[in-house]
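Observations on the model geometry
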Amino acid sequence: MFKQDFKYYKSKKPPPDLSNVLDFNNSNLIIGKVRQIRCEIPNEELHGLKPVQQWHAYELLDNPGLIFIRNPFTSYGQRYWIIRCLRDYTKKPNKLNVDIHDIVPTTQDWWEMCQDNKNENIINKLRWATLGYHHNWDTKIYSEDLKNTFPKDLAVLSKYFANVLGYKDFNAEAAIVNYYHMDSTLSGHTDHSEQYLEAPLFSFSFGQSAIFLLGGTTLDVKPTAMFLHSGDVVVMSKESRLCYHGVPKIITAPQSLWNSNDSKYVCKNENIMNGISDEDFSKPFETYIEHSRINMNVRQVLKSSEQSLNNVIK
Ligand SMILES: O=C(O)CCC(=O)C(=O)O
Ligand SMILES: [Fe+2]
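Residues numbered from 1 in each chain as written. Chains lettered and ligands numbered in written order. Predicted model: local features only at pLDDT ≥ 70, side-chain atom pairs only at ≥ 80, totals over all residues. Heavy atoms only, no water.

Digging into the confidence of the model for the protein
Short version of the rule: Each residue gets a pLDDT score, which is the predictor's confidence in that residue and runs from 0 to 100.
Residues of the protein with pLDDT of at least 70 account for 95%, and the chain-wide mean is 93. With a pTM of 0.95, the predicted complex shows an ipTM of 0.99.

Set out below in structure tokens:
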């Protein structure tokens, strides 16, 4: 059932009918399919996010544990994370799919190289970067030998969401940043490499929109299809944590939510923002995101009481 629906939504000819795709922007279409979730209001706001009082968070009734938060980012917040994913998280020692093609020499970083060459070929070849404990695409096993420092800002962001949802001891330890072009897909899979599967997985999307399919713990379950727009956050927790999911289609964003001016959201807590200002969001970032989708997929690997894959603190 999962594969059949994946193929249906992926198809170009004939194009799929999207009327059954859940759209959280249209409250009439989600009535009876979701329940609203109450968020815990933290003491402090986080720069780049709207105040939690304004968030809209839902749990899918047919997929318990799947939490959807409708774009809680400010437009500046979206630009900030787009810059981080393109310019910074692609720097060494993070691992990129383009490392193995010998496309990016050891003396240069991917974004820098794209700016020097304006070479479409290099720009379009990037599909993923891994941070923290690096995902091993072959063995799917994390290792202490394949690990770099996890970015502080992404850890703070993820922890903020975890706190709001009641997961007080969440630690972000591994992330895959996925880069999609208009014809990219991500086939159905489960994310089960983490040792501590009670921790939720956080997924942040920016740029162009996607159709996201969420199935069950086997491929026999018919998946729920939903739109993910720029800024939307998906949390896979509890019964949904080990469910099949995938991205059969990227579609043009109905609105450029990263490009509006919502300077009404000012927040004192700017120290984690790495000095990124609006001048940094230059044309190359804008051009990239007009034709691409970026997804940051954040996981906790270890039990909260453990400090490494091998050693348990007594
Ligand atoms: O792009 C997405 O929305 C999903 C990405 C994903 O499932 C993954 O990185 O494991
Ligand atoms: Fe996944």
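Overview of helix α6 (residues 152-164)
Note the threshold: Under the scheme used here, helices are H or I runs from DSSP no shorter than 4 residues and strands are E runs no shorter than 2 residues, and both carry numbers assigned from the N terminus. Multiplying one less than the number of residues by 1.5 Å gives the expected span of a helix.
Between its terminal C-alpha atoms α6 stretches 18 Å, which fits the 18 Å expected from 13 residues at 1.5 Å a residue. With its phi angle positive at about 95°, G166 sits one or two positions after the end of α6.

With respect to the sheet that holds strand β3 (residues 66-70)
Let me state the cut-off plainly: A pair of strands is labelled paired if DSSP reports no fewer than 2 bridges between them.
In spatial order, the strands read β1-β2-β3-β11-β8-β13-β6-β5-β4; together these 9 strands make up an open sheet with antiparallel pairing. Looking along the sheet, the strands with just one partner apiece sit at the ends: β1 (34-36) and β4 (95-96). Judged from the 4 bridges that link them, strand β2 (residues 56-60) and β3 form a sheet pairing that is antiparallel. Bridge pairing in β3 places E59 opposite I67.

Notes on the site of ligand 1
We count it as follows: To be near a molecule or strand, a residue needs just one of its heavy atoms within 4 Å of it. Two N or O atoms count as a polar contact when they lie within 3.5 Å, although within protein this holds only if one can serve as hydrogen donor and the other as acceptor, and sequence-adjacent residues are included solely when both atoms are side-chain atoms. Note on residue classes: Ala, Val, Leu, Ile, Met, Phe, Trp, Tyr, Cys and Pro are nonpolar, Asp, Glu, Lys and Arg are charged, and everything else, Gly too, is polar.
Near ligand 1 you find N178, Y180, L186, H189, D191, F212, H245, V247, R293, N295, N297 and R299, and these make up its full shell. Contact distances for ligand 1 include 2.8 Å between an oxygen atom and a side-chain N or O atom of N178. Interatomic distance of 2.5 Å between a side-chain N/O atom of Y180 and an oxygen atom of ligand 1. Listed by contribution, the elements that provide at least two residues to the shell around ligand 1 are β6 (174-181), β7 (186-189), β12 (245-251) and β13 (292-299). Looking at the shell around ligand 1, the element that brings in the most residues is β13, giving 4 residues. Grouping the constituent residues of the shell around ligand 1 by class yields 4 nonpolar, 5 polar and 3 charged.

Some points on the packing of helix α3 (residues 75-88) against α6
Defined as follows: Where helices are involved, their axes are fitted lines through C-alpha atoms of the stretch in contact, as for all axes, and angles between N-to-C directions lie from 0 to 180°. Here the angle decides the label: under 35 degrees means roughly parallel, over 145 means roughly antiparallel, 65 to 115 means roughly perpendicular, and every other value means oblique. Left-handed describes a crossing whose near helix is turned anticlockwise from the far helix through less than a right angle; right-handed describes the clockwise counterpart. Here, two residues are considered to be in contact whenever any of their heavy atoms come within 4.5 Å of each other.
As a packed pair, α3 and α6 sit with axes 12 Å apart at the nearest point and diverge in direction by 135°. Of the possible angle classes, the one that applies to α3 and α6 is oblique. When you trace α3 past α6, the crossing you get is left-handed. Residues Y80, W81 and R84 of α3 touch α6, and the partners they reach there are D153, L154 and L157. Here the residues of the contact of α3 with α6 sort into 4 nonpolar, no polar and 2 charged.

Things to note about the pattern of salt bridges
Let me state the cut-off plainly: The salt bridge criterion pairs a side-chain nitrogen of Lys or Arg with a carboxyl oxygen of Asp or Glu, the two atoms within 4 Å. Accessibility here uses a 1.4 Å probe with only protein chains present; expressed as a share of the type maximum, an area under 20% marks a residue as buried, one over 50% as exposed, and anything in between as partly exposed.
Overall, the coordinates contain 13 salt bridges when judged by the stated rule. In this structure, K92 and D109 form a salt bridge, with 3.7 Å as the shortest nitrogen-oxygen distance. Residue K92 is found in the loop between α3 and β4, and its partner D109 is found in the loop between β4 and α4 (110-117); the two are separated by 17 residues along the sequence. You can call K92 partly exposed: its relative accessible area is 37%. Since its relative accessible area comes to 18%, D109 is described here as buried.

Overview of the sheet that holds strand β9 (residues 209-214)
If you walk across this open sheet you meet the 4 strands as β7-β12-β9-β10, and the pairing is antiparallel. With partners counted over all chains shown, the strands left at the sheet margins are β7 and β10 (224-228), one partner each. Taking each pair of neighbouring strands and ignoring which way they run, the sheet shows an average axis angle of 25°. The pairing of β9 with β10 spans 5 bridges and is antiparallel. For I211, the partnering residue across the bridge sits in β10 and is F227.

As for unusual backbone geometry
As a rule of thumb, non-glycine residues mostly have phi less than zero, and peptide bonds are mostly trans rather than cis. In the segment running from K13 into P14, the intervening peptide bond is cis, with an omega of 0°. Along the chain, the position of P14 falls in the loop between α1 (2-10) and α2 (27-30). The step from K92 to P93 runs through a cis peptide bond, and the omega angle for that step is 10°. Following the sequence through the fold, P93 ends up in the loop between α3 and β4. In this structure, K140 is a non-glycine residue whose phi angle is positive, near 60°. Along the chain, K140 falls in the loop between β5 (128-132) and α6. In the Ramachandran plot, K238 falls in the positive-phi region, its phi being about 45° despite a non-glycine side chain. Looking at K238, the relative accessible area reads 60%, which means it is exposed.

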